[in-house]
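As a plain string of letters, each chain reads:
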Amino acid sequence: MMRKQTNTLLSALAFAFASATVSVPSMLVANDAVAQEQKASEKKTRRVPTLRGKVYEQLARAQTAADEAGNIEEAIAILKEVEDKSDSMNAYEKAMMYNFFGFIYYNNEDYAKALESFAKVVEQQPIPEKFEMTTLFSLAQLNLMQGNYDDTITYLERWESLNTGPVPVKNKVIKAQAYYQNKKYDEAAMWISEAVADHEAEGMIPDEGWLILQRAIFYELKQPQKVKDVLIKMVKLFDEPKYWIQLAGMYGELGEERKQLAIMETAYQRGFVNTSADVFNMAQLYYYHRVPYKGAKLMEQAMNDGVLEKNLRNLKFLGQSWSLAKEQDKAIPVMMQAAELSEDGELDAQLAQILLNEERFDDAIAAADRAVEKGELRNPGLVYLIKGMALYNKKQYALALNQLAEAEKHQKSRAMAQQWKQFVQGEKRQADAIAAELGAS
C-alpha cells in the first residue's frame, strides 16, 4: 500500500518539477476524475511558483525512506528538516511538503495529523488550482470519516467555489451524509434527492448506499410515503430480501395492510421470510386478515425447522391462531404447552373455555382449577362460571351451584352467573323430583 502510493507521489514530484501547473493526486477517494468536473478551459490559469530542484530532492529522500526502507520515522524526520527551512520556500513547495506529510500520516493511520497536514496544503497560496481542488475534496472525505461534519461541508463549499461546472453527484452525496450526521435532515434530503435524480437523468442506476441514505433521511423526517417509494425502487434494483421485508413494514405503517400482506407473501414464496421475527410478523398479518390457518401452518413449520422458538409468546399465538381457524384439536395441545410455561392463570382460563366448548368437561375443570391456583386473572369470575357450566354438564348440580355462587361475587360475571344459577337450580329440582319418584316406586 505504502509503496504504491509513495511511488505515485515520486512520479508526481518528478513531473511537478518540470511543470509548475500540475498537482499531485491525493491518496484518498478523490482523484483526477473529480477535479476534471472543473471546466479548466473556462478559467484563467493561475500563475504559481515552481518547485525547485533542491526541494524536490529532499522530498524524494523522504519518499525513499518511507518506501524502500519502510522507515516512517526517518521519512517524517526528513520532512521536518525541510519544514525547518520553510521560510525560504515558496507556496507551491510548502504545499507539496505538507501534502507528503499527509500521505505519511494517513498511511500510518494517524488521521488527526493527516488532516492537519492536508489542511495546511490548501492554506498555501498560490498553488495549482487542480491541486487545491483535489486536496479540498480529500479533506471533505477525510473529515467525514472522522466525524467532522461541519468541516466536511466547509471544504466541499470551498471546492465548489473553484468549480465552474455543475456540482458533481459525489459532492452532493457527501454533503447529504454530513447533514444527515448533523441531524439536519431537510438539507440532507435536498442534496441526496438531487444526487439520485442527477444520476438517474444520466441513465445510470444510483448506488445502493445512496438509496439507503435517502431512505434513512426520509424516515427521520417522518415521511413514510417517501420511505416506501425509495424501498420500492430498492426492491426493483437490488432485489434483496431485507428490502422486501422493510417494504412490507412500510405498507403496514401506512395502513395499507393488504399490500403489506401481498408483499410478505411474495417474499415468502421467494424464500425471503426466514428469520423468527419475519415469520412471527407474517403470522400476525394472516391473523389480522382472518386467515389464521395459513399463519398457524407457517408458525408450525418454522417451529419444526427450528427457526421459531417454542417459547410462551410463540406457542400462545400459535394456539390462538389454530383456535381462530376452528382447528381446536390442534389448538388445545399447543395451548397446554403455552399454559405450562405461563406463570399466571390467564392461558389456563382460555384453555378451560376451549375445552368446555369441545365438551371435554373434566379437562375444562382441571384447566379452570389451574387458572384459579395460579391467579392474576383479568376476569376471575369467568373461570368459576366455566367450571360451573362444566359441572352442570356432568350433572353435578350442587357442585355447579357452588361454582356459580363464586362467579356471582365478581362484577363481570355476575349477570351470566345469576342466569345460569336459575337454570341449574331448575334442572336440579327436576332431577331431584325424578330421583324422588324413582325412589318411591
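Please read all numbers here as calculations on a predicted model, not as lab measurements. (Residues numbered from 1 in each chain as written. Predicted model: local features only at pLDDT ≥ 70, side-chain atom pairs only at ≥ 80, totals over all residues. Heavy atoms only, no water.)

Here's the deal with the overall build of the protein chain
Point 1. Summing up its helical and strand segments, the protein chain has 23 helices and zero strands in all.
Point 2. By residue count, 46% of the 441 residues in the protein chain fall in the buried class.
Point 3. Within the protein chain, contacts between residues at least 6 apart in sequence are counted, and of these 57% link residues at least 24 apart.
Point 4. Counting only carbon and sulfur atoms, one obtains 48% of the accessible surface of the protein chain, whose full area is about 22,500 Å². (Helix = DSSP H or I, 4+ residues; strand = E, 2+ residues; numbered from the N terminus. Buried < 20%, exposed > 50% of the residue type's maximum accessible area, 1.4 Å probe, protein only. Contact = heavy atoms within 4.5 Å. Areas by Shrake-Rupley, 256 points an atom, 1.4 Å probe, with all protein chains shown as cover.)

Focus on the nonpolar core
Point 1. Ile192 and Met299 are the most contacted members of the largest nonpolar core, which has 133 residues in total.
Point 2. With 11 residues, the top contributor of residues to this core is helix H5 (residues 91–107).
Point 3. Among all residues touching Ile192, those that are not within four sequence positions of it are Val173, Ala176, Trp210, Leu213, Gln214 and Ile217. (Core = buried A, V, L, I, M, F, W, Y, C linked by side-chain atoms within 4.5 Å.)

Re the environment of Lys330
Point 1. Looking at the secondary structure, you find Lys330 in helix H18 (residues 328–341).
Point 2. Between the C-alpha atoms of Lys330 and Gly319, which are 11 residues apart in sequence, the distance is 7.5 Å.
Point 3. Among all residues touching Lys330, those that are not within four sequence positions of it are Tyr293 and Trp322.

A few points about the packing of aromatic side chains
How two aromatic rings sit relative to each other is set out by the distance from centre to centre and by the angle between their planes.
Point 1. Under the counting rule described, the total for this entry stands at 14 aromatic pairs.
Point 2. When the ring of Phe101 is compared with that of Tyr105, the centres are 5.9 Å apart and the planes differ by 10 degrees; the resulting orientation is stacked. Pair noted here: Phe101 and Tyr105 are both in helix H5, with a separation of four residues, about one helical turn. Each member of the pair Phe101 and Tyr105 is classed as buried.
Point 3. Following the ring pairs from residue to residue traces out a cluster consisting of Tyr392, Tyr397, Trp420 and Phe423.
Point 4. Here the guanidinium or amino end of Arg313 rests over the ring plane of Phe280, the centre of that ring lying 3.6 Å away. (Phe/Tyr/Trp six-rings, centres within 6.5 Å; stacked < 30°, edge-to-face > 60°. Lys NZ or Arg CZ within 6 Å of the ring centre and 35° of its normal.)

Points about unusual backbone geometry
Point 1. That bond from Gln125 to Pro126 is cis: its omega, 5 degrees, falls within 30 degrees of zero.
Point 2. Within the element layout of this structure, Pro126 appears in the loop between helix H6 (111–123) and helix H7 (129–145).
Point 3. Non-glycine residue Lys183 carries a positive phi angle of around 65 degrees.
Point 4. On the secondary structure map, Lys183 appears in the loop between helix H9 (169–181) and helix H10 (185–201).
Point 5. In this structure, Glu359 is a non-glycine residue whose phi angle is positive, near 60 degrees.
Point 6. In this structure, Glu359 sits in the loop between helix H19 (346–357) and helix H20 (361–374).

Brief notes about the pattern of salt bridges
Point 1. Per the counting criterion, the structure on display carries 20 salt bridges.
Point 2. In this structure, the salt-bridge partner of Glu200 is Lys233, at a minimum N-O distance of 2.9 Å. Remark: Lys233 occurs in helix H12 (residues 224–238) and Glu200 occurs in helix H10; sequence separation between them is 33 residues.
Point 3. Assessed through its relative accessible area of 34%, Glu200 is described here as partly exposed.
Point 4. We note a salt bridge from Glu265 to Lys294, for which the minimum N-O separation is 3.5 Å. (Salt bridge = Lys/Arg side-chain N within 4 Å of Asp/Glu carboxyl O.)

As for the confidence of the model for the protein chain
Point 1. Looking at the protein chain, pLDDT values average 88 and 89% of them are 70 or higher.
Point 2. By mean pLDDT, the top-scoring element of the protein chain is helix H11 (residues 208–220) (98), and the lowest-scoring one is helix H2 (residues 32–35) (37).
Point 3. Counted against residues more than four places away or in other chains, residues 1–42, with its pLDDT under 50, gives 88 contacts. (pLDDT = per-residue confidence, 0-100.)

Some thoughts on helix H4 (residues 72–84)
Point 1. Under the 1.5 Å per step criterion, the end-to-end length of H4 is 18 Å for 13 residues, consistent within 8% with the ideal 18 Å.
Point 2. Among all positions in H4, only Ala75, Ile76, Ile78, Leu79 and Val82 are buried. Buried residues in H4, looked at end-on, bunch into an arc of 160 degrees, giving them a common side. Among the exposed residues of H4, those oriented more than 90 degrees off its buried face are Glu73 and Asp84.
Point 3. Where H4 begins, one side-chain oxygen reaches toward the backbone nitrogen of Glu73, 3.3 Å away; that side chain belongs to Asn71. (Expected span 1.5 Å × (residues − 1). Arc of directions from axis to C-beta. Polar contact = N/O pair within 3.5 Å; in protein donor to acceptor, adjacent residues only side chain to side chain.)

A look at the environment of Pro206
Point 1. Structurally, Pro206 can be placed in the loop between H10 and H11.
Point 2. Residues Pro206 and Met234 lie 28 residues apart in sequence; the distance between their C-alpha atoms is 9.7 Å.

Topic: the packing of helix H3 (residues 53–67) against H4
Point 1. Across the interface, H3 lies against H4 with an axial gap of 8 Å and an inter-helix angle of 170 degrees. Classified by the angle their axes make, H3 and H4 are roughly antiparallel. Where H3 crosses over H4, the handedness of that crossing is left-handed. Between H3, through Gln58, Leu59, Arg61, Ala62, Ala65 and Ala66, and H4, the contact on the second element is made entirely by Glu74, Ala75, Ile78, Leu79, Glu81 and Val82. (Axes fitted to C-alpha atoms, helices over the stretch in contact; angles between N-to-C directions. Parallel < 35°, antiparallel > 145°, perpendicular 65-115°, else oblique. Left-handed = near helix turned anticlockwise from the far one by under 90°.)

With respect to H10
Point 1. The end-to-end C-alpha separation of H10 is 24 Å, in line with the 24 Å expected for 17 residues at 1.5 Å each.
Point 2. All of the buried residues along H10 are Tyr185, Ala188, Ala189, Trp191, Ile192, Ala195, Val196 and His199.
Point 3. For H10, the elements touching its buried residues are H9, H11 and H12.
Point 4. Looking one or two residues beyond H10, the residue adopting positive phi is Gly203, at roughly 75 degrees.

Some remarks on the environment of Lys394
Point 1. Within the secondary structure, Lys394 is located in the loop between helix H21 (380–393) and helix H22 (397–408).
Point 2. For the pair Lys394 and Asp362, spaced 32 residues apart in the sequence, the C-alpha separation amounts to 8.6 Å.
Point 3. When sequence neighbours within four positions are dropped, the list of residues in contact with Lys394 reads Phe361, Asp362 and Ile365.

Here's the deal with the side chain of Asp348
Point 1. On the secondary structure map, Asp348 appears in helix H19.
Point 2. A polar contact of 3.0 Å, which involves the side chain of Asp348, links it to the side chain of Lys374.
Point 3. If near-sequence neighbours (up to four positions away) are discounted, Asp348 is found in contact with Ala339, Ala367, Arg370, Ala371 and Lys374.

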